[in-house]
Structure formats: structure tokens, C-alpha cells
Amino acid sequence: MKRACLLALLIGLNAPLRAQMQRPLSPNDQRARDIFEQLININTTGSSGSTTVAANAMAKRLLDAGFPAADVQVIGPPDSKNHNLVARLRGTGTQKPILLLAHIDVVEAKRADWSVDPFTLLEKDGFFYGRGTLDVKDGAAILVATLARLKQEGYRPNRDLILALTTGEEGGSDYNGVEWLLANHRDLIEAAYVINMDAGDPVILNGKRAFRSVQAAEKVYVTFKLEVHNPMRSRGRRSPNGRKCSRDRWRRIWPRSLSRRRTPPRSGGSRTRAPCTTRSCARPALRRSSPAGTRKTRCRSPQARRSIVACCRERRRTTCSAH
Ligand SMILES: [Zn+2]
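What counts and how
- Counting from 1, residues in each chain are numbered in the order their sequence is written.
- Per-residue local features are limited, in this predicted model, to residues with pLDDT of at least 70; the limit for side-chain atom pairs, both in listing and counting, is 80 or more; totals at the level of whole chains, interfaces and linings are taken over all residues.
- Pairing between two strands is assigned when DSSP locates at least 2 bridges connecting them.
- Elements are defined by DSSP. Helices are runs of H or I of four residues or more, strands are runs of E of two residues or more, and each kind is numbered from the N terminus.
- Orientation is described by axes fitted as lines to C-alpha atoms, over the contacting stretch for helices, and by angles from 0 to 180 degrees between their N-to-C directions.
- Note on contacts: each residue gets a C-beta atom placed from the backbone, and two residues are in contact if those atoms are within 7 Å.
- Comment on the angle field: the value is read as roughly parallel under 35 degrees, roughly antiparallel over 145, roughly perpendicular from 65 to 115, and oblique elsewhere.
- With the far helix as reference, a near helix turned anticlockwise by less than a right angle produces a left-handed crossing, and one turned clockwise produces a right-handed crossing.
- For this scheme, ten residues count as nonpolar: Ala, Val, Leu, Ile, Met, Phe, Trp, Tyr, Cys and Pro. Four count as charged, namely Asp, Glu, Lys and Arg, and the remainder, Gly too, count as polar.
- To assign burial, the other C-beta atoms lying within 10 Å of each residue's own C-beta are counted, with C-beta atoms placed from the backbone; 20 or more indicates buried, 12 or fewer indicates exposed, and intermediate counts indicate partly exposed.
- Note on terminology: a nonpolar core is any set of buried Ala, Val, Leu, Ile, Met, Phe, Trp, Tyr and Cys residues joined through C-beta atoms within 7 Å.
- The directions considered for the arc are those from the helix axis to the C-beta atoms.

### Observations regarding the sheet that holds strand β6 (residues 161–166)
(1) Moving on: If you walk across this open sheet you meet the 5 strands as β1-β2-β6-β3-β7, and the pairing is mixed. At either margin of the open sheet sits one strand with a lone partner, and together these are β1 (72–75) and β7 (193–196). Taken over all neighbouring pairs, the strand axes of this sheet differ in orientation by 20° on average, direction set aside.
(2) Moving on: Of the pairings in the sheet, the one linking strand β2 (residues 84–89) to β6 comprises 5 bridges and is antiparallel in character. Note on β6: the bridge partner recorded for L89 is L161.
(3) Moving on: The sheet contacts of helix α5 (residues 177–184) involve β2 and β6, and relative to β6 the element is tilted by about 130°.

### Concerning the packing of helix α2 (residues 27–40) against helix α4 (residues 137–152)
(1) Moving on: Running from amino to carboxyl end, α2 crosses α4 at an angle of 140°, the nearest separation of the two axes being 9 Å. On the basis of the axis angle, α2 is oblique to α4. Seen along the crossing, α2 lies across α4 with a hand that is right-handed. Contact residues: α2 offers N28, R31, A32, I35, F36, L39 and I40, while α4 offers K137, D138, A140, A141, I142, V144, A145, A148 and R149.
(2) Moving on: Of the residues that constitute the contact of α2 with α4, the class distribution is 11 nonpolar, 1 polar and 4 charged.

### Re the pairing of β1
(1) Moving on: Here β1 shows a buried face lined by V72 and V74 and an unburied face lined by Q73 and I75.
(2) Moving on: As defined by bridge partners, β1 adjoins β2 across 4 bridges and the pair is classed as antiparallel. Along β2, the bridge assignment pairs I75 with N84.

### So, the nonpolar core
(1) Moving on: A140, V144 and L163 are the most contacted members of the largest nonpolar core, which has 46 residues in total.
(2) Moving on: It is α4 that provides the largest number of residues to this core, a total of 8 residues.
(3) Moving on: Filtering out sequence-adjacent residues up to four positions away, V144 remains in contact with I35, M58, R61 and L62.

### Quick word on α5
Along an α-helix, residues three or four apart share an orientation, since each turn contains 3.6 residues.
(1) Moving on: Buried within α5 are the following residues: G177, V178, W180 and L181. What you see down the axis of α5 is that its buried residues fit within an arc of 165°, all on one side. The outward face of α5, more than 90 degrees from its buried face, is lined by the exposed residues E179 and A183.
(2) Moving on: Considering only its buried residues, α5 is in contact with β2, β6 and α6 (186–189).

Structure follows, in C-alpha cells:
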């Protein structure tokens, strides 16, 4: 999801847990680390913290980098201690803006539950410790450091880059910053699309960038209702031993198998695994209803055995007893 202009600037902090102190930091890297540390050291929990403090600190970073005051705003409900930062790096306007999003509130962190101070960034044995190092003040620090650098270097993109550091993502706060901005200041964050730093984390293995996961959604679910129609054709008719019928049996139970992440056997693959015997024909019925034993007994009757091929060929049968 990242665009090249940002990707090239995702500096040392792109490994949120793994500190990279093997090499001397460049001035830009050092600033990014300082911003990261500054954010971690500010308590932004819903109970005792304040995102306004963090938003003001990040606003100062951007103003120091040359952003005009009119393009850097710390806003929120007047009676709240948790405000949001919205800033805009102005481009040529050829394209619609991109919104760069990260939340700066964090999950509760009781000192008694931690072996170290959760609000003091600690770098130890190549790792960073502190509340929000992963979720997602690392992302906020990357965005602030990157925009500050772009501004200082006079970079002018073909579209505005909007930065929103918001509150209330973790719950526990008095409101949700994104919802509030959409309801009250949509003009400030209106964009072609959003890049959310909270949506997936980069993975580095043995010092090499392995992959960058992208998360499409969170805290929602989607229900699929499948209606499966079995064409059946003539498989059973040509297979007196019933082998091909076993795939038909799979087709009948396929929707349930799907929920267990199972896949139906490929054509031919089922022949040795589940030959179409009287028992295999009865199995779907046993799973679907009770008392299972009754159906099993009926399916094993001599009459059912004689007509087993027809039984398995039948489109939606749950039992062989009708034959
Ligand atoms: Zn998060």
C-alpha cells in the first residue's frame, strides 16, 4: 500500500521491536528515533494519559521542520484531554490527497504488570521496550519523521499528504478520533485513500527485510452463505465400485468442510481415500442427523447395498434407505 516516495523514506524504525543500533544513525534516523522515544515517553492511555500532549509534541516537530502553522492543527472536542493532530504537506494538487493515519493512544499499561517502565523507551539487547512501540507509535514516529524530512528537503509531491494522528483507537478514551474528524472536520482529511500504519507490520529476519504484511480489515467479520449445486452428471453410473461417488459425497459435505479450512479432494484424489462403500455413503447422513445409528443400519441393509451406486448418485440424499 505504500507509495514509493514514502517507502524510500521508511527509515530505521521500520522494525518496531528490533532496535537497529549496529550502525551509526544518520541525522534523519536519529530524529526518527528521538520522535519515537518522545512518543513512547508520553502516557497516552485512556485512563491517566493524554493524546493532546503527544499531538502538541508532534505538531512542534512539524513546525520546527518548516510547516506553516495553518497546516498543523491539534483539534478535538473542547472538553477532552485527548486531541488529534492533523497536518498537511502541500503538493501540486494534480492528484487527490493521500491520508496517512496512525493512532497515538495506547492500551492501558500498569506499572505493576511490567518488568520495566512502560512509558520510558528502553533499548535492550537489540529490542525496544515500552507501551506503544509496536501499536502503533512506531508508525506515528515514521510518519512525523518522514513528513518533517520531506518538508525540510523541499519535496513537493503531486498531491497533498495529510497526516492524522488520532486518539481513541484502543477504546478507553472518551471518543474515537477518526469518527470525530469525519463528523466534524472531514474537509481536513478528505483523501483519495488512506494508508493506516496500524494495518500490518514489517518482518525482518536475520537483518533482512522478509515481507511487509498488509491488513485489509480488523474487528469486523464477514458471513458468507454458500449455496452449492451438485451437477452429478454420470460419475456414479460409470463406476460400479462406487469410487467416483466418493467425490460426490465430498461435494455434499463441502460447505461444512470449508469452515474447517478443508478442501475437497481433487479429481481422482479421492479414489483411494474414500471409496464409495455403503459406509461412506451413509456417513454424511450420520453427521447431519440423529439418531445416526438408525440411518446407518438402514443404509447397510442388503437393499441399500445393491443400490449403492444409485444411492451415491442421488443428488441430495441423506440416507440410502429410500432405495
Ligand atoms: Zn493499533
